[in-house]
Structures are given as structure tokens and as C-alpha cells.
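# Structural characterization, general
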Amino acid sequence: RAAMEASELWVGFVGAGRMAGGLVRGLLQAGKVPASNILASAPSDKNLDAWRELGCRTTHCNLEVVHRSTLVFLATKPHILPGVLEEIRPAVGPHHIVVSLVAGVTIQTLQRLLPPWTKVLRIMPNLPCVVQAGAMVFSRGSNAGDEEAALLKSLLSSCGLCEEVPESYIDIHTGLSGSGVAYVYLFAEALAEGAVKMGMPGALASRIAAQTLLGAAKMLLETGEHPAKLRGDVCTPGGTTIYALHQLEKGALRATVMDAVEAATNRACDMAKD
Amino acid sequence: MSVGVIGAGQLAFALARGFTAAGVLAAHKITASSPDTDLPTVSGLRKMGVNFTVSNKDTVKSSDVLFLAVKPPIIPFILEEVGPDIEARHIVVSCAAGVTISSIEKKLSTFCPTPKVIRCMTNTPVIVREGATVYATGTHADVEDGKLLEQLMASVGFCTEVEEDLIDAVTGLSGSGPAYAFTALDALADGGVKMGLPRRLAVRLGAQALLGAAKMLLESEQHPGQLKDNVCSPGGATIHALHFLESGGFRSLLINAVEASCIRTRELQHLADQEEISPAAIKKTLLDKVKLESPSLSVASASKVSLFTNKSKKN
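Residues numbered from 1 in each chain as written. Chains lettered and ligands numbered in written order. Predicted model: local features only at pLDDT ≥ 70, side-chain atom pairs only at ≥ 80, totals over all residues. Heavy atoms only, no water.

## Some remarks on the overall build of chain B
This is how it is decided: Helix and strand definitions follow DSSP, with helices as H or I runs of at least four residues and strands as E runs of at least two, each counted in order from the N terminus. For the exposure calls, accessible area comes from a 1.4 Å probe over protein chains only, and a residue counts as buried if that area is under 20% of its type's maximum, exposed if over 50%, partly exposed in between. Residue contacts are counted whenever heavy atoms from the two residues lie within 4.5 Å of one another. Accessibility throughout is a Shrake-Rupley quantity obtained with a 1.4 Å probe, and a residue counts as covered only by protein chains that appear here.
Broken down by element type, chain B carries 14 helices and eight strands. For chain B, buried positions account for 45% of its 315 residues. If you take every contact in chain B between residues at least 6 apart in sequence, the share linking residues at least 24 apart comes to 71%. When the accessible area of chain B is evaluated, it comes to approximately 16,100 Å², of which 60% is carbon and sulfur surface.

What follows is the structure in C-alpha cells.
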């Protein structure tokens, strides 16, 4: 169908904040959808300037986005969404594909607030989508089929990893990767601090810390080896690495990280219930 | 080939049991000695058909391969005692933690110009032929001598040659290792009992679980981390349990244990090299018996100031 051809696709964003901005940059980077086919709405011009600079069209009217798009991304804050859905509901038709980025709002809720035959999908991205190194998971609602899932995946793979999952994994993804990005920042900061303590200037230490994380992650992704094996490969007998790792184990780092993922996941579940 | 064992304690018993079960040595080809006939293992050795004697010198005379299976502080006294009886044909295999080849060669060289010395670190599961043994050959031990020992020890488990400077680490890992495993097994059984299992069944299942896991690891190309992952279904029982282990610093405790054992071994070696051994470290009766056999030992050397603390003397 014509609408499935990405170049013919009209894409809309209701809400134009950071997350939406990350996704649209990825879309444009991939060259799949021309900027002129993208329309974003937001209450103020604050965010919209950046979109116009990319060549996208902008508006203050949510209904206009729905009228003029086939693929509609919902990217508002959670407490705003119900009001927005009520507003756009009359304009939503069977040809629309509605993809919600809104944290904590379940497919069940979305389907309840939209017409019953609406094709709904829910996606949880993470911050590095803005630099096309994101991790995203999405789930389908009752009326979304293989075509819609394939379209979403093909459009968003340019932003990073994009996988379909059962909806129950979405909160876990929040704990692992949504919030997980912050754990990495914390770790990077601590690494750099250690280096500063040992005498390295802070700015250099920070850049090296970041590069170390990037490089290690790249090796993990590209070699497909188990992290325990890669860790072992770095540890020469009696060498510096194993001494350091012993310190990390003494501090029960692993358990603490598991605690963090668990806490964030549980919080995501709790918030979704509100 | 005849094998002699100086010492008739846990290790002597384990070696004798292992060798005879493996069929590499008939019991009557093994001689074990100790001045202390009260050791519980002595009757076990006798029952096995091993020749038991109170004379270390007799053991040396009747053996080709001579295992020194006494506690490290006793080694210098033993070497003084049997040194005169060591001939060129003997292969002296010291199993004592922390005792270096050079210290043994130095002691024996006053009696024999080119003593064949091999240093070995094994462990008690040789008794069930699942031992873990490493060895390093001394200055005058040939390749064939090492191979002979390797054949003997391979019949009771895994055996490989290593550089001598790794032996203390081996002590920390597989020498002491069975004790870590027994502790873990005891605790696992407690867990089973807490959750309702009868003790015997809990012990049996815990032991089988560790045995099976170890076997899987030895037969697999995979990293233990991968094997662990294979057991952990998402959100399942095992991953919940592992989280507890991690919270308790399980991994670091094990690393600490291996490190502590290795460091203590080096400490013992250092003390032994200085020959600062207190009579308190050696049972008085035992020392007297040893001294009776070797008049060259002076009372003065046996009563040097102790550098040992009150920590356990077991290696």
C-alpha cells in the first residue's frame, strides 16, 4: 500500500520534546522520510525552532498533525496525554498508525482512549536515540499487525537498536536502558574521579572514561562474546585488572547494579498504575 | 616401583587409597611411617594393606618414590633424619605447602650431592581419584622423573607441571579448595533443610549439584558465566537467588579466600626458610620421637623463639 512506502509516508509528532527530537533526527539521518513530510506540534515555539531548522514543518495544532499524517507519534508528557487523546480522537481513522512514546501509559489505556479499531503501538526509546545509538523496544496493540511492526522497525533502526517485545518487557527496558543510561553516566564520572585522584586532569579523564565505555560496548556488540569471557581476556594473571576487579567485587557492584535495575523497573510499574 | 610416604595422616591416607583404587600400585608396595601411631588414619592404612612403620628411615630404604606428607614445619626435621639414607635413585616428592625446592635441596645436599627433588601440591580428593595436582621439578630431577610422578598423580586425578612460583597460588585455589566446597555444601544443605528437606537428602543433592556443575564446566567449551546464564530463566528462581549471592559479595569472598590461603602459604614458607619454628608448633611428643631418631638435632635449634602467631597451623 502506498502509505507503507516510507518515502510516501506522512509522519507526525504530537509533542516535540527531546525524545521526539531524537527520533526525528534518526529518521532524517536514515534518509527514509523527507523532512518536508514530517509535521510536529507543540504548545510553544521553544522546541519547534529546532525542528524547522531540520526542514520539518511545525504547527501548534495537534488535530492538524493527525489530519495530515499517517504515522502519528505521541510524545507528550504522561499527564498531558489523556487530554490530547480526547482532543485528537475524532480525527483518528483506520488508516492511522499511532505510536506512543509516552512513559508509563499502557497499550490498554491508549486503546481505551482511542477509537476501537485504531492501530496502536507503544515504544520505549532511550536518550542516546538523539545520537543514533539508542536502544528501543516496542509492542503492538490488538490492531497493529506485522506490516506496522515492520514499518516501525525499519524506520527506527536508524536510531539504534529497535526490537519488538511483549509489553511486559517495557518497564524492564526502562530499568535497564531508559534509566540505565544514567547508571553509565554515574560510572563514567566515578572512573574519571578515580583517575583524577591518581593525578590525571579531569577533562582528559572524562574523555578517556567515555571512550573506554564506548570501546568496551562496541567490542561486546561486535564480537558477540559473553561479557564474562571478554572480562577474562583483559585479566592477565596477577595483573592490574584482576586487582581492580577484586575491589569491585568487594563492593558488591554487581548486586548494586541489579538492585538499581530492579528499583527502576518496579518504579515504572508503579507509575504506570497511577 | 615402590612408594614411600613419610607421614601417615590425611594426605598419606588419601594418596594410598587413591593409588590402590586406581590399580597403579598394590598396597604392599606402599610404605607409610609416622612416630605417632595414634593417628586415626594409621589403622586405615593398615587395613588397606599398606606397610606401616614407626621408622621413617625404613620407609626411605624401601621406596623409590618418596612422598613427604608431613606438615611444613616438620619438613626440616624429617630431612635431617632421613637425609643420610637418601640415594641418587630416590625421587623425593614434597607435598608440603610453601616449602621450596631450593630449601629441600639445600638441606639434602649435605648428605647427597644430587638429590632428585620434586615439589608437588595436591589435594585430598585424590582419595576418590579426583585430585588436583601440580608439580615442579628440582635441579637434579630429570624429565622422566617428572613424568613418572605425573603418571602416578594422573591416576588419582588431574595432574600438570607448573613453574614453581605458581604453586602457592595453586595451594590457595585447589589445595584449600575442597574446604571451601565443604563449607558451601554444608551451608547449601542447611538451606535445603530450612526449606523442608531431610538433612541426608539435602547433603546428597547439594553435593551432586556441585559435582554436576563442575563436570559440566570441565566438559564444556563455554565460560562459567555463560553456563550460569543458561540456568537463569528470566524472572525465575535462580536469578533471584544469584542476586542474593551477589549482594553478599559471594564472588569477593571467594577471591579473598584464595588470596588469603596463598599469602599464608608464602608466610609459612618465609618462616620455614628462616627455620624459626617453635616447639609449640610441633607436638612435643612428636618432636621427641623425631629427635630420638636423629641425634644431630640439637635441643637449642628446636626451641627457637616462635614467629608463629596463635593462628591455626594447618596448611
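## Things to note about the UniProt feature "binding site: NADPH" (unreviewed entry) in chain A
Residue and element names in this part refer to chain A. Quick note on the threshold: UniProt positions are given in the numbering used here, feature names are shortened, and annotations may be inferred rather than shown by experiment. Under the rule applied, a polar contact is a pair of N or O atoms within 3.5 Å (in protein, one hydrogen donor and one hydrogen acceptor; residues adjacent in sequence only if both atoms are side-chain atoms).
Sequence positions flagged by UniProt for "binding site: NADPH" (unreviewed entry) are, in local numbering, Asn62. Its location among the elements puts Asn62 in helix H3 (residues 62–68). For Asn62, a relative accessible area of 13% corresponds to the buried category. With residues near it in sequence (within four places) discarded, Asn62 still touches Val14, Ser41, Val84, Glu87 and Ile88. In terms of polar contacts, Asn62 uses its side chain to reach the side chain of Ser41, at 2.7 Å.

## Some words on the interface of chain A and chain B
Counted only if it meets this: When two parts are brought into contact, each loses some accessible area as probed by a 1.4 Å sphere; the total of that loss over both is the buried area. Definition used for salt bridges: Asp or Glu carboxyl oxygen within 4 Å of a side-chain nitrogen of Lys or Arg. Polar here means any residue outside two lists: the nonpolar Ala, Val, Leu, Ile, Met, Phe, Trp, Tyr, Cys and Pro, and the charged Asp, Glu, Lys and Arg; Gly therefore counts as polar.
Taken together, the contact pairs 13 residues of chain A with 14 residues of chain B. Summed over both partners, the interface of chain A with chain B buries about 1,200 Å², with 62% contributed by carbon and sulfur atoms. Considering only the surface of chain A that becomes buried against chain B, His226, His246 and Met258 of chain A emerge as the three largest contributors, covering 41% of it. Counting across the chain A and chain B interface gives zero salt bridges. Taken together, the connections running from chain A to chain B amount to seven residue pairs in polar contact (both at pLDDT 80 or more). Going through the elements one at a time, helix H10 (227–234), helix H11 (240–250) and helix H12 (253–273) of chain A are the ones with two or more residues in the side of chain A that touches chain B. Considering each element in turn, the side of chain A that touches chain B owes the most residues, five residues, to H12 of chain A. Among the residues forming the side of chain A that touches chain B, the class breakdown is four nonpolar, two polar and seven charged.

## A look at the UniProt feature "binding site: NADPH" (unreviewed entry) in chain B
Residue and element names in this part refer to chain B. Under the present numbering, the feature "binding site: NADPH" (unreviewed entry) in UniProt falls on Asn56. Summarising the element assignment, Asn56 is placed in helix H3 (residues 56–61). For Asn56, a relative accessible area of 3% puts it in the buried group. Residue contacts for Asn56: discarding those within four places in its chain leaves Ile6, Ser33, Ser34, Ile78, Glu81 and Val82.

## Structural notes on the domain arrangement of chain A
As a reminder, the rule being used: For the purposes of this description, domain bounds are those given by an automatic or database domain assignment.
What the domain assignment reports for chain A is domain 1 (11–169) and domain 2 (179–272). A straight line from the C-alpha centre of domain 1 of chain A to that of domain 2 of chain A covers 32 Å.

## A short note on the sheet that holds strand S3 (residues 51–53) of chain B
All names here are of chain B. What counts is decided by this rule: Following DSSP output, two strands are said to pair if at least two bridges run between them. The axes are straight lines fitted to the C-alpha atoms, using for helices just the contacting stretch, and the angles between their N-to-C directions are given from 0 to 180°.
Read from one edge of the open sheet, eight strands run S3-S2-S1-S4-S5-S6-S7-S8, paired in mixed fashion. Only two strands of the sheet have a single partner each, and these edge strands are S3 and strand S8 (157–161). The sheet shows a mean angle of 20 degrees between the axes of neighbouring strands, direction not considered. With four bridges joining them, strand S4 (residues 65–68) and strand S5 (residues 91–94) adopt parallel strand pairing. Counterpart to Leu66 in the pairing with S5 is Val92.

## With respect to the domain arrangement of chain B
Along its sequence, chain B is carved into domain 1 (3–166) and domain 2 (176–257). Taking only C-alpha atoms, the centre of domain 1 of chain B and the centre of domain 2 of chain B are 34 Å apart.

## So, the UniProt feature "domain: Pyrroline-5-carboxylate reductase dimerisation" (unreviewed entry) in chain A
The sites that carry the UniProt feature "domain: Pyrroline-5-carboxylate reductase dimerisation" (unreviewed entry) are, in the present numbering, residues 167–269 of chain A. Annotated as residues 167–269 of chain A, this span is 84% helix and 0% strand, and its ends, taken at the C-alpha atoms, are 11 Å apart.

## Considering the sheet that holds strand S6 (residues 119–124) of chain A
All names here are of chain A. Read across the open sheet, the eight strands follow the order S3-S2-S1-S4-S5-S6-S7-S8; overall the sheet is mixed. What marks the edges here is a single partner per strand, and that holds for strand S3 (57–59) and strand S8 (160–164). Direction aside, the axes of adjacent strands within the sheet are offset by 20 degrees on average. Across four bridges, strand S1 (residues 11–14) lies against strand S2 (residues 38–41) in parallel orientation. Directly across from Val11, in S2, lies its bridge partner Ile38.

## Section: the pairing of S6 of chain A
Both faces of the sheet carry side chains from a regular strand, because those side chains alternate between them. Residue and element names in this part refer to chain A. Rules: Every crossover in which the path from the first strand over the helix to the second runs clockwise, viewed with the strands pointing away from the viewer, is termed right-handed.
The buried fraction of S6 is high, at six of six residues. What you see with S6 is no split at all: Lys119, Leu121 and Ile123 on one side and Val120, Arg122 and Met124 on the other are buried throughout. Examined bridge by bridge, strand S5 (residues 97–100) and S6 share four bridges and lie parallel to one another. By the bridge assignment, Ile97 is partnered in S6 with Lys119. Regarding the hand of the β-α-β motif, the stretch spanning S5, helix H5 (residues 107–113) and S6 is right-handed.

## Re the packing of aromatic side chains
All names here are of chain A. Convention followed: We call Phe, Tyr and Trp rings a pair once their centres come within 6.5 Å, taking the six-membered ring for Trp, and we label the pair stacked below 30 degrees between planes, edge-to-face above 60, and tilted otherwise.
Evaluated as defined, the whole model comprises three aromatic pairs over all chains. With a centroid separation of 4.8 Å and 15 degrees between ring planes, the pair formed by Phe13 and Phe73 is classed as stacked. Here Phe13, found in strand S1, pairs with Phe73, found in strand S4 (residues 71–74); they are 60 residues apart in sequence, far enough to count as distant. Members of the aromatic cluster, connected to one another through ring pairs, are Phe13, Trp51 and Phe73.

## Quick notes on helix H2 (residues 45–54) of chain A
Between a side-chain oxygen at the N-terminus of H2 of chain A and the backbone nitrogen of Lys46 of chain A the separation is 3.3 Å; the capping residue is Ser44 of chain A. Of the residues flanking the end of H2 of chain A, it is Gly55 of chain A, one or two places downstream, whose phi is positive at about 100 degrees.

## With respect to the environment of Thr139 of chain B
Residues and elements named next belong to chain B. Here Thr139 lies in the loop between strand S7 (131–137) and helix H6 (143–154). On a C-alpha basis, the gap between Thr139 and Ser103 in space is 12 Å, while along the polypeptide they are 36 residues apart. Of the polar contacts made by the side chain of Thr139, one reaches the side chain of Glu105; its length is 2.6 Å.

## Here we look at the environment of Thr265 of chain A
Residues and elements named next belong to chain A. Examined against the element boundaries, Thr265 turns out to sit in helix H12. For Thr265, a relative accessible area of 11% gives the class buried. Along the chain, Thr265 and His173 lie 92 residues apart, while their C-alpha atoms are 7.7 Å from each other. When residues no more than four places from it in sequence are discounted, the contact partners of Thr265 are Asp171, Ile172 and Gly175.

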